[in-house]
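Overview (structure and organization)
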Amino acid sequence: MPLLHALAETTRHADLAVRTGVVRELSGLVIEASGPDAVLGEVCSIAVRDQAAPLLAEVVGMRGGRVMLMPYGTSQGLAPGCEVTATGDVPTVAVGDGLLGRVVDGFGHALDGRPDPITRTHRPVKGKPLNPMHRPRITDVMETGVRTIDALLTLGKGQRVGIFAGSGVGKSTLLGMVARHVRADVNVIALIGERGREVREFIDKQLGPDGLARSVVVVATSDQPALARLRAARAAMAIAEHFRDEGRQVLLTMDSVTRFAMARREVGLSAGEPPTARGYTPSVFAELPELCERCGTAASGGSITALLTVLVEGDDLNEPVTDCLRATLDGHIVLSRQIANQGQYPAIDVLKSVSRLMPDLVPPDVLAQAVKVVECLASLDRNRQLVDIGAYERGTNAALDRALSIEPALLAFLRQAEGGVARDSALQQLSALLKGTP
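Residues numbered from 1 in each chain as written. Predicted model: local features only at pLDDT ≥ 70, side-chain atom pairs only at ≥ 80, totals over all residues. Heavy atoms only, no water.

Overview of the overall build of the protein
Test applied: The numbering of helices and of strands both runs from the N terminus, where a helix is a DSSP run of H or I of at least 4 residues and a strand a run of E of at least 2. Whether a residue is buried, partly exposed or exposed follows from its accessible area with a 1.4 Å probe, protein chains only, as a fraction of its type maximum: under 20%, in between, or over 50%, in that order. Only the protein chains shown count as cover for residues, and the accessible areas themselves come from Shrake-Rupley with a 1.4 Å probe. Residues counted as positive are Lys and Arg, residues counted as negative are Asp and Glu, and His and the chain ends are not counted. Charged groups are reduced to one reference atom each: NZ for lysine, CZ for arginine, CG for aspartic acid, CD for glutamic acid.
From N to C terminus, the protein includes 14 helices and 19 strands. Structurally, the protein occupies a C-alpha span of about 85 × 50 × 40 Å along its principal axes. Every one of the 438 residues in the protein was classed for burial, and the buried ones make up 53%. Total accessible area on the protein is roughly 20000 Å²; 53% of this is exposed by carbon and sulfur atoms. In the protein, 47 side chains carry a positive charge and 50 a negative one; their mean positions are 1 Å apart.

See below:
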């Protein structure tokens with residue numbers, strides 16, 4: 001009897017009819033089809049002429065009685081009359097320990113020349129944010145191995161932080177430094193819209209074999225369709241959620257969330273959404289907070305600490321995506337082109353950066369120490385021109401005199417060629433620096 005009940009339940013929910021349609025029009029990135037009877041987000045297969053494998057596409061909208069689809073691959077060979085079949089599937093990705101040490105695409109297929117990872121569990125790529133009342137408070141420090149972050153911009157396990165910078169200022173280098181040395185159980189790294197050359201370079205040079213061994217790298221290069229880039233970002237998030245639900249401490253790094261927003265803009269414009277600020281569609285500003293809210297702590301005891309790089313267009317920190325994420329995240333680390341041009345790496349602009357959780361994570365003496373450093377940097381920044389032209393006379397301003405006396409040691413502290421400095425050691429170095437002792 002239990003078997004009969006199980007069969008009856010399976011039959012009741014089974015799709016007993018094949019839902020098909022026909023391609024009618026191809027406009028830009030969008031395929032318009034009359035039918036099939038599909039729902040938003042459902043995956044459909046399209047029989048392409050002279051190709052054995054069908055083209056997979058996702059339903060992104062409905063208009064005028066037609067279904068609008070966007071393909072995951074190239075639409076070459078597509079023509080009016082091609083049959084469209086609804087699969088009844090929603091996008092999912094394989095999750096589990098079999099992914100550790102692997103480089104995969106948004107579908108979970110291997111990109112590292114090895115067989116596809118073997119996993120037993122699949123998870124929908126579009127997860128749901130947790131109930132805010134079920135989230136434990138963030139109380140534990142996440143050590144990154146980067147002195148400036150650990151001592152002056154302390155992060156917590158489950159915190160969501162943006163790394164804001166223009167192109168070529170060192171975002172990927174900083175991410176690699178953190179990924180190699182952070183004290184987390186699992187790294188999930190999403191490379192979205194990156195150049196193909198940079199992907200290999202990041203894995204070999206920035207991440208290294210030791211970093212890769214405890215990491216899952218999800219890749220969608222810039223030449224892939226917008227939907228494939230979106231899927232890779234969502235798949236990385238789903239993989240991180242799986243490890244968090246197992247009680248592990250996960251570091252999710254995404255480079256870059258701006259290219260995720262650009263891909264979402266492509267999809268939205270193709271589906272007929274009206275452009276708003278700088279051409280971004282309303283769905284972009286709806287999905288960015290949704291993506292961020294999937295990170296954080298969980299009742300399992302695990303957490304997802306997110307480091308999301310934001311490509312600041314034209315170095316304008318008030319452009320729409322940057323402004324939206326700065327308001328959504330729990331802190332921001334700003335990389336300055338001016339500081340980078342002075343040879344200081346990582347080029348973190350401490351005065352423009354903030355960790356909103358640092359006051360809750362560190363004791364008062366550590367917080368006071370960070371405040372002193374900020375005061376010194378602010379004093380130097382305000383009076384830089386005066387000092388450089390020789391118009392300042394020592395003894396006029398005690399705070400500036402103090403800042404000038406520790407400036408060389410402070411700049412040496414902020415520079416770091418390699419990660420891996422223990423947080424306790426960084427705090428001791430900073431304390432000695434402020435006391436004026438070697």
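What about the sheet that holds strand β3 (residues 43-46)?
Adjacent strands of a sheet form backbone hydrogen bonds with each other and so pair up, either parallel or antiparallel. To keep things clear, this is the line we draw: By definition, two strands form a pair when at least two bridges between them are found by DSSP. To define axes, lines are fitted to C-alpha atoms, for helices over the stretch in contact only, and angles between the resulting N-to-C directions are given on a 0 to 180 degree scale.
In spatial order, the strands read β1-β2-β5-β4-β3-β6; together these six strands close into a barrel with antiparallel pairing. Strand-to-strand twist of the sheet, defined as the mean angle between neighbouring strand axes without regard to direction, takes the value 45°. Pairing of β3 with strand β4 (residues 55-63) involves four bridges; the strand directions are antiparallel. Within β4, the position partnered with Cys44 by the bridge is Ala57.

Concerning the pattern of salt bridges
The test is simple: Any Lys or Arg side-chain nitrogen found within 4 Å of a carboxyl oxygen on Asp or Glu counts as a salt bridge.
Going through the model one piece at a time under the given rule, you end up with 27 salt bridges. Across the pair Glu287 and Arg234 runs a salt bridge whose closest N-O atoms are separated by 2.6 Å. Within this pair, whereas Glu287 is found in helix α7 (residues 282-293), its partner Arg234 is found in helix α5 (residues 226-245), the two being separated by 53 residues in sequence. Accessibility classification places Glu287 together with Arg234 in one group, the buried group. Salt-bridge contacts for Glu246 lead to Arg248; the nearest nitrogen and oxygen are separated by 3.0 Å. Judged by relative accessible area, which is 44%, Glu246 ranks as partly exposed. Three or more residues are tied together by salt bridges with common partners; here these are Arg123, Glu241, Arg244, Asp245 and Arg294.

Structural notes on empty space enclosed by the protein
The test is simple: Cavities and pockets were defined on a 1 Å grid built over protein atoms only: a cavity is a set of grid points that admits a 1.4 Å probe from which the probe cannot escape, a pocket is an open set flanked by protein on both sides within 12 Å along at least five of seven lines, and lining residues are those with an atom within 4 Å of any such point. Grid points are joined across faces, edges and corners, and a volume is the space filled by probe spheres set on the points. Residues are sorted three ways: Asp, Glu, Lys and Arg are charged, Ala, Val, Leu, Ile, Met, Phe, Trp, Tyr, Cys and Pro are nonpolar, and all the rest, Gly among them, are polar.
Under the defined criterion, the tally for this structure stands at one cavity of 30 Å³ or more. Estimated volume of the largest cavity: approximately 30 Å³. As for the largest cavity, its lining consists of Glu58, Tyr72, Pro91, Val125, Lys126, Leu227, Arg231 and Arg234. With three residues, the single largest contributor to the lining of the largest cavity is α5. Here the residues of the lining of the largest cavity sort into four nonpolar, no polar and four charged.

Details of the environment of Arg180
Stated precisely, the cut-off is as follows: The contact definition used throughout considers only heavy atoms, calling two residues in contact when any of these lie within 4.5 Å.
Structurally, Arg180 is set in helix α3 (residues 171-181). We classify Arg180 as partly exposed; its relative accessible area is 22%. Sequence-wise, Arg180 and Gly301 are 121 residues apart; in three dimensions their C-alpha atoms are separated by 23 Å. Not counting the four nearest positions on each side in its chain, Arg180 is found in contact with Lys205, Gln206, Leu207, Arg214 and Glu418.

Let's talk about the side chain of Glu287
Looking at Glu287, the relative accessible area reads 11%, which means it is buried. What Glu287 contacts, discounting residues up to four positions off in sequence, is Arg234, Phe260 and Arg264.

Digging into the confidence of the model for the protein
Our working definition: Residue-level confidence of the predictor, termed pLDDT, takes values from 0 up to 100.
Scored by pLDDT, the protein has a mean of 87; 96% of the residues are at 70 or more. Considering each helix and strand of the protein separately, the mean pLDDT is smallest for helix α1 (residues 2-13), with a value of 66, and largest for strand β11 (residues 155-156), with 94.

Overview of the layout of surface pockets
In this structure, the largest pocket occupies an estimated 520 Å³ of space. Every residue lining the largest pocket is counted, 18 residues in all, and those nearest its centre are Ile339, Gln342, Leu377, Asp381 and Arg384. Residues of the lining of the largest pocket, tallied by class, amount to eight nonpolar, four polar and six charged.

Digging into the packing of α3 against helix α4 (residues 196-213)
Just so we agree on the cut-off: In these notes the angle categories are as follows: under 35 degrees is roughly parallel, over 145 is roughly antiparallel, 65 to 115 is roughly perpendicular, and the rest is oblique.
At a minimum axis distance of 8 Å, the contact between α3 and α4 shows a crossing angle of 55°. In terms of orientation, α3 and α4 fall into the oblique class. Of α4, the residues touching α3 (which contributes Ser172, Thr173, Leu175, Gly176, Ala179 and Arg180) are Phe202, Lys205, Gln206 and Leu207. Taken together, the residues that form the contact of α3 with α4 break down as four nonpolar, four polar and two charged.

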